[in-house]
Structures are given as structure tokens and as C-alpha cells.
Amino acid sequence: MTVSLVGQRRSFDGHLSTIRYVGTVQGTTGDWLGVEWDDASRGKHSGEHKGVRYFSCKSKHPTAGSFVRPSRPSDQPLSFLEALREKYASETEHGLSHNDLASGSAIQGKAIEISGKVVEEVGFDKIRKQLAELQELRIVLLDGLRVVGVLASYNQAQVSHNEAAQKIGETCPKITELDLSRSLLSRWRDVWDICDQLKHLKRLRLNGNRFQALEEDLIFKGITELHLEQTLLSWDEITAIAYRFPDLTSLTASANQLSEITCPLPSTITTLTLEHNEITSISALRHLAALPKLEHLSLRGNGISTVNQNTTDTNLDFQFPPTLRSLDLSRNDITSWTILNKLPTVFPGLTTLRITANPLFDQPPLPPSVTDDSKPMTVDEAFMLTLSRFPPSLTTLNYSTISPQDRSNAEMYYLSLIGKELSATTEEEEPAILATHPRYSELCELYVEPTITRAVLSNSSGARVIHPRSVAARLVKMAFRLPTGNDESKSQVKEIPGSFDTYQVKALVSRLFGLPAFGFRLVWETDEWDPVEKQVGDEAVVEWNEDSEDELPLDIGSELEKTDNGLDKSRFVRREVELVDSTRDIGFLFQGEVGEVRVRVEIPDYASTRSAAVATFE
């Protein structure tokens, strides 16, 4: 065993790995190979055994590493041409070897036999046909085929392979796109030996490989598109590699555990894909703004949640060039409109945006301080509220082309919501609210400025008071009291939105007092009075039904004011209304200035006890 094995790739029973350690392990005999599996769930540790660290894995997964014996059989590596023929021109089962196809030296008249019977004569015509097919190949996909280099040897540098390399150019000279993903390649020189023979190669995919340090003096000419997904390369390594591709315009470096862009890329890049990494803020992209030709940037599936990392500051001192027209921020962790408000400034040339599947769109369209509706915004609301935060230069949102009607509808809807938000605050709070809506002044000039009806006012002493017509005024403070006998009772105080229906109120009462769900009646004793002669006892209860349009009786409470003048108060009883099961808001009953409302809870099972709960509305 030699240390030169470290960094090499191995395949065991079809599972790819990289050798990270060669040597002994304390408490055992003989040598071991410490390997990091491409599939990190296959291992048992991260290179540490019984408190001793023998190697480190590039993967952050805690079980990417394992120890295996050097004697464990590994899958046979393939040369580039062997993999090519296995995928596109395999003739070995017909009696032709790979060397026969490579050299064209098959013997004229060689027979194909099946069960001892000659069924076909294979000669130079058959070989020429296969070679001709290989020579016409333009797109070659060899992903997962254990390619190790020009030769089928882990020690490429120790074997003369100039002739084999030359045969690559002769066998498949027209290749423009090559996929060598998830192979046994570990050295960049082995990749260069293959690509250097393919003079028309433009697109190269090396996804899922694990590379050693980049060798000096390797230049990959002519390649314009490079894919380095799941290679676990650092950003500095990716940048150094990109500079070895002088014609590179498109780079994909997804799923590489990248959390920050630490240095700039070559200025030739126009398309950059950094999906499924660990970038958490817009500020982490600072160095990418130096790309003068960048047109498309995809950050899908990262963890972007803030404008600035490790700070609440929302100011950014960099700006992408106007050439950047397309941005993908879908499937991140955006929860605030603040990030979207910054995008038009950071990306001034933006025409296409994708931003679906962010938790922001699981929230209500208005903040909790404005509405008690906790339902998430609909797809249409999310579309309109996103679109309205961008200038008319944005023409495509989430793959939908924005029409003039779409834009006007979105902007007017957005403007109306701003008006509602302002109506729920004081004038002193208005500047802070408008700071969260940068386009407010612009939209007011385009459309009619919304009418602001303050829901929160300041009285003469400067104290905040609730406007009687505001949403906040619909929060009802209810003091529930449940008599338990002997003039004793249990009480609970809750604030209940007027938007609650009877089902929700009964569910609340059930939880507060431990009563059977919906096993009781709610009877509201109104502030209205009826003569006792007309309605007595339980017959005085009038059901409130959502289908009923009858008005409640006139308030004759003013008659009681005459009690001191001789009117007998005992001749009147409070009018009672049962709150029957209904989906209508209870606020429908309590319109206007309501002082105290008593709600009696009647439990049919308790015949000897007439339990009641009193609710006080303030």
C-alpha cells in the first residue's frame, strides 16, 4: 500500500467512493482503506473511530465514511473507449473485441456461432459500420460507466497512453457534448487527456465526481459549458477550475454545500446555476455582481432568508449589471417582503423571475396587526403581490407572461392593501409603514391614492384608541362564568374575534370548562326587555338562525329608567336568543355599542342544575 492511493476512486458493488486514508486502525491488524462514499448514507462515521480521527470527509453528512480492507474486490474500471463502445457499439457478444473495433483488424470471414451453428459472417463491412456510427456521435453520455481515464488503469501516468489518446480523436471526432458524471475520474489531467482529443467539444458534464488538486498548465480550450454538480468542491476550487476554461460561458455548481461566494468568476460567464447549496443571504452574492456579462442566475433550493448575513441591516452596497435579466429564487426560505423589495435595486435589469415555493406565500396577504384572517394567500394573491413590487420591466413571473391587465390589476390590489394597512395605524407610524412599500408613491401617481380611514387614532393625551369601525374593534373581550352551584362559579376571560361562528364559540367553551363538545346550549340574554306576562320561562327563548331575516325586538330598556317613578321592574324579563349552530359570524349579532352580553350555557344532562356562563363584551 502506498499513499498515492489517497484521492483515487473505487466502485464497490456499484457504489462509488473515494479513498481518503490508507493505513492501520487502532485495535485491529493489517491495513485498511478509509473511504468516503458518494452516497453518504452508506457509511458509519465521518473518518473517526473510537475517538481517533483517521481522515476527514468532504461531505458534511455524519456517516459518509467507512473502513474497508484493501483486498475487497472492486468493480473493474473502464477506459474511455471501452465505456464508449459498451454504451454505443458493444459487439463483444458477437465475437468482436474492443481492440478489434479500435484497430479495424478483425479477420475477414470471422464467424458468429450460436449453439455451435454458424449464423453470420462478420467481416470488415460490419466493423466499418460500427466505426462509422461512432464517428458520427455528437452527444455522448457515459455517466455511471466507471471511466477512469484514457486507459483502464488507476495508474494512468505510469503507462504510455499517447496512442490510446489519439484513438479517441479518430474514433469519435465529432463529439460536441460529453457526460462523464459519476465515474472513477479523480485527476484533472485524465479529464484533459480525453477532452484534448475532442476538438469540437463544447459541453462537459462532470457531476458527482471527486477531484484531487488541480494540476498546473491544464487549459481546456473550446468548452463553453461546464457542469460540476455534487462534486463537493469549494468555491475557491470551482473558481480556479473555471479560469482553466477560457471560453466558458455557462457554469453549473449545484449541490456543493456552498454557503458564500468568496471570489469572482471569469468575466466570460453569462449563465450561472448554484441550486441546492447553502447560501442564506443576498449579501453572500456580492462577488457575482462583478460579472459584466451575466444574464441568468439560478439560486433555487438554497436557504436564502435574509438580505444581509448575521445582521438586520437591509442596505446593500452592490448592484448586478443590467445584463442580468433572469433570476430563480424558488424553494428558498424567504419569509419577508423585504427581500423582494430589494430585488429591483440589486437586479435592475430583471425581466424574468421565479420565486415560487417560499414560506412567504404561506402567510396572509395582510399582517396580523391589520386583519384577524390567518388564511394563507391564494396563488393569485401571491402572484399579484409579487408582481406589483417590480417595475414594468419585469415581463415574466413564475413562467407566466405578464399582460398589461395583469399588471394593472396587481398594482391596484396592492395599493388597496397598503391603504388598509395604513388605516390600521396612527399617522406617526405611517413613514415606517410606507418604507416597507417602496413603490407606494409611484403607484399613487398611476392610480387613485387609497382612502385612509384610521383604525388606530391618538386622543388628546396622545394615547392610542381603537377606531370603532376598525378590524381591531371586532376583538371582543369575553369573561365566561360557569356557575357550579351554591352561588359558586368558574370564570375564564378570552378575547374572541367577531368573525368566530357559533361552532368556534362552542368549541372554546367546551375547552374552557371541560364540557362535552356541543353537548350544551348557548343562550344570549340581550339588553332588550319584554313584559313578563307575554313570555315566561323557557318559552321566552327565541332562536337566532342564519336564515332568519327578522329584526330583534325594539330595546325598551328606556322604560326601565322609569322604575324610580313607579314602574315595577319585575314586570319585565330580558329577551333571550339562542345561538344555534351556524357558520354566520357572531359579530353579526353584536353590532353597534354593546356593553354587556350574558350568554347562558344550558346542559341538558344536568336536570337539577341550570348551569350558566356569563360573557362580558367590552
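Structure report, in brief. Along each chain, numbering runs from 1 in the same order as the chain's sequence is written. Side-chain atom pairs in this predicted model are given and counted only at pLDDT of 80 or more, local residue features only at pLDDT of at least 70, and totals for whole chains, interfaces and linings cover all residues. Hydrogens and waters are ignored; side-chain quantities use all the structure's heavy atoms.

1. Notes on the pairing of strand S6 (residues 65-68)
Thought 1: What you see with S6 is no split at all: Gly-65 and Phe-67 on one side and Ser-66 and Val-68 on the other are buried throughout.
Thought 2: Each pair of strands is called paired provided DSSP finds at least two bridges between the two strands. The secondary structure listing takes helices from DSSP runs of H or I that are at least 4 residues long and strands from runs of E that are at least 2 residues long, numbered from the N terminus. Where strand S3 (residues 31-37) lies against S6, four bridges are found, and the strand directions are antiparallel. Its bridge partner lying in S6, Leu-33 is registered against Val-68. Each residue gets one of three labels from its accessible area relative to the maximum for its type: buried under 20%, exposed over 50%, partly exposed in between, using a 1.4 Å probe on protein chains only.

2. Description of the pairing of S3
Thought 1: By the criterion of burial, S3 is predominantly enclosed, with six of the seven residues buried.
Thought 2: Summarising the sheet, strand S2 (residues 15-24) and S3 pair through seven bridges and their orientation is antiparallel. Residue pairing for S3: Thr-24 is matched across the bridge by Asp-31.
Thought 3: Counting the residues that bridge the hairpin from S2 to S3 gives six residues, and of these Gly-27 lies at a positive phi of roughly 90°.

3. As for the packing of aromatic side chains
Each aromatic ring pair is described using two quantities: the centre-to-centre distance and the angle formed by the ring planes.
Thought 1: Paired rings are identified among Phe, Tyr and Trp, the last through its six-membered ring, by centres lying within 6.5 Å, and are further divided according to the angle between planes into stacked (under 30 degrees), edge-to-face (over 60) and tilted (the rest). Applying the stated rule across the entire model yields eleven aromatic pairs.
Thought 2: Pairing Phe-318 with Phe-320 gives two aromatic rings, centres 6.3 Å apart and planes at 65°, and the pair type is edge-to-face. An identical accessibility class is assigned to Phe-318 and Phe-320; each is buried.
Thought 3: Residue Phe-320 is classed as buried on the basis of its relative accessible area, which comes to 1%.
Thought 4: Among the aromatic residues, those joined into a cluster by ring pairs are Tyr-21, Tyr-54, Phe-55 and Phe-67.
Thought 5: The ring of Tyr-154 is capped by Arg-10, whose NZ or CZ atom sits 3.8 Å from the centre of that ring. Here, a charge over a ring means that NZ of Lys or CZ of Arg falls within 6 Å of the ring centre while also lying within 35 degrees of the ring normal.

4. Some remarks on the packing of helix H8 (residues 379-387) against helix H9 (residues 404-423)
Thought 1: Remark: H8 packs on H9, axes separated minimally by 8 Å, with the N-to-C direction vectors making an angle of 90°. As far as their axial angle goes, H9 and H8 are roughly perpendicular. Contacts from Glu-381, Met-384, Leu-385 and Leu-387 of H8 reach H9 at Asp-406, Arg-407, Asn-409, Ala-410, Tyr-413, Tyr-414 and Leu-417. Inter-axis angles, ranging from 0 to 180 degrees, are taken between N-to-C directions of lines fitted to C-alpha atoms, where helices are fitted over the stretch in contact. For classification purposes, an angle smaller than 35 degrees is called roughly parallel, one larger than 145 roughly antiparallel, one from 65 to 115 roughly perpendicular, and anything else oblique. Residues are treated as being in contact if the distance between any of their heavy atoms lies within 4.5 Å.

5. Topic: the sheet that holds strand S16 (residues 271-273)
Thought 1: With mixed pairing, the eleven strands of this open sheet are ordered in space as S10-S12-S13-S14-S15-S16-S17-S18-S19-S20-S21. Lying at the two open borders of the sheet, with one neighbouring strand each, are strand S10 (139-141) and strand S21 (400-401).
Thought 2: Taken together, the three bridges between strand S17 (residues 296-298) and strand S18 (residues 326-328) define a ladder with parallel strand orientation. When the bridges of S18 are listed, Leu-297 appears paired with Leu-327.

6. Remarks on unusual backbone geometry
Thought 1: For Arg-146, which is not glycine, the phi torsion reads 60° and is therefore positive.
Thought 2: Checked against the element boundaries, Arg-146 lands in the loop between S10 and strand S11 (147-149).
Thought 3: The exposure class assigned to Arg-146 is partly exposed, which follows from its relative accessible area of 23%.
Thought 4: One non-glycine residue, Arg-331, lies in the positive phi region at around 60°.
Thought 5: Examined against the element boundaries, Arg-331 turns out to sit in the loop between S18 and helix H7 (337-346).
Thought 6: The exposure class of Arg-331 is partly exposed, given its relative accessible area of 47%.

7. What about the pattern of salt bridges?
Thought 1: Just to be clear on terms, a salt bridge is a Lys or Arg side-chain nitrogen sitting within 4 Å of an Asp or Glu carboxyl oxygen. Inspection of every chain in the model, using the stated rule, returns 20 salt bridges.
Thought 2: A salt bridge links Arg-53 to Glu-48; the shortest N-O distance between them is 3.3 Å.
Thought 3: Given the relative accessible area of 42%, Arg-53 is considered partly exposed.
Thought 4: Overall, the relative accessible area of 36% leaves Glu-48 in the partly exposed class.
Thought 5: Here Asp-190 and Arg-187 are joined by a salt bridge, their closest N and O atoms 2.9 Å apart.
Thought 6: By relative accessible area, Asp-190 is classed as buried at 4%.
Thought 7: Put simply, Arg-407, Glu-411, Arg-439 and Glu-442 are held in one network by salt bridges that share partners.

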